[in-house]
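# Structure assessment
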Amino acid sequence: MGYRSIRCRSCGRSPKSGTLIVIGGMIYCRHCLRNIKVKDTKLKGKYYTHSGNRCFVNFESNKKINIQEFDVKELRIGGRKQ
């Protein structure tokens, strides 16, 4: 019964259906963290790690790792709630 209150902010998944991660006081699932877009540049990336409300995003190009740091407010994480 306790799972109902803990859900992904982006898609609404519960801990039973996936791993949840808290970034800057907001809860996201692994599925949504694979789909990150930068609001200004529309670049697509994947979650690498986080520290507080700062999120490190990996932008792969030609098998090279390019990790950049963003505030959670600068990113669009996941899709819409279903």
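Our subject is the structure that appears above.
Parameters and conventions
- Residues numbered from 1 in each chain as written.
- Predicted model: local features only at pLDDT ≥ 70, side-chain atom pairs only at ≥ 80, totals over all residues.
- Heavy atoms only, no water.
- Helix = DSSP H or I, 4+ residues; strand = E, 2+ residues; numbered from the N terminus.
- Rg over C-alpha atoms; globule rule 2.2 N^0.38 Å.
- Buried < 20%, exposed > 50% of the residue type's maximum accessible area, 1.4 Å probe, protein only.
- Contact = heavy atoms within 4.5 Å.
- Areas by Shrake-Rupley, 256 points an atom, 1.4 Å probe, with all protein chains shown as cover.
- Lys, Arg positive; Asp, Glu negative; His and termini not counted.
- Charge placed at Lys NZ, Arg CZ, Asp CG, Glu CD.
- Pairing = 2+ DSSP bridges.
- Phe/Tyr/Trp six-rings, centres within 6.5 Å; stacked < 30°, edge-to-face > 60°.

### Considerations on the overall build of the chain
Broken down by element type, the chain carries 1 helix and 7 strands. Reading the chain from its N terminus to its C terminus gives the helix and strand order β-β-α-β-β-β-β-β. Against the 2.2 N^0.38 benchmark of 12 Å for 82 residues, the chain shows a C-alpha radius of gyration of 13 Å, consistent with a compact globule. Overall size of the chain, expressed as C-alpha extent along the three principal axes, is 45 × 25 × 20 Å. Per-residue burial over the chain gives 29% buried out of 82 residues. Of all intrachain contacts in the chain linking residues separated by at least 6 positions in sequence, the fraction that spans at least 24 positions is 32%. Carbon together with sulfur atoms contributes 46% to the accessible area of the chain, which is approximately 6000 Å² in total. Put simply, the chain has 19 plus and 5 minus side-chain charges, and the middle of one group is 13 Å from the middle of the other.

### Structural notes on the environment of Cys32
Relative to the elements of secondary structure, Cys32 occurs in helix H1 (residues 30-33). A residue is classified by how much of its surface remains accessible, and Cys32, at 2% relative accessible area, is buried. Sequence-wise, Cys32 and Arg76 are 44 residues apart; in three dimensions their C-alpha atoms are separated by 9.7 Å.

### Structural notes on the pairing of strand E5 (residues 54-58)
Two strands pair when backbone bridges link them, and strand E4 (residues 44-51) and E5 are joined in this way by 5 bridges, in the antiparallel orientation. Bridge assignment links Ser51 to a residue of E5, and that residue is Arg54. Where E4 hands over to E5, the hairpin turn is made up of 2 residues, of which Gly52 adopts a positive phi near 65 degrees. Pairing geometry for E5 and strand E6 (residues 67-71), over 5 bridges, is antiparallel. Within E6, the residue paired with Val57 across the bridge is Gln68.

### Points about the packing of aromatic side chains
Inspection of the entire model under this criterion finds 1 aromatic pair. When the ring of Phe59 is compared with that of Phe70, the centres are 6.1 Å apart and the planes differ by 85 degrees; the resulting orientation is edge-to-face. Here Phe59, found in the loop between E5 and E6, pairs with Phe70, found in strand E6; they are 11 residues apart in sequence, far enough to count as distant. Its relative accessible area of 8% is what places Phe59 among the buried residues. By relative accessible area, Phe70 is classed as buried at 9%.

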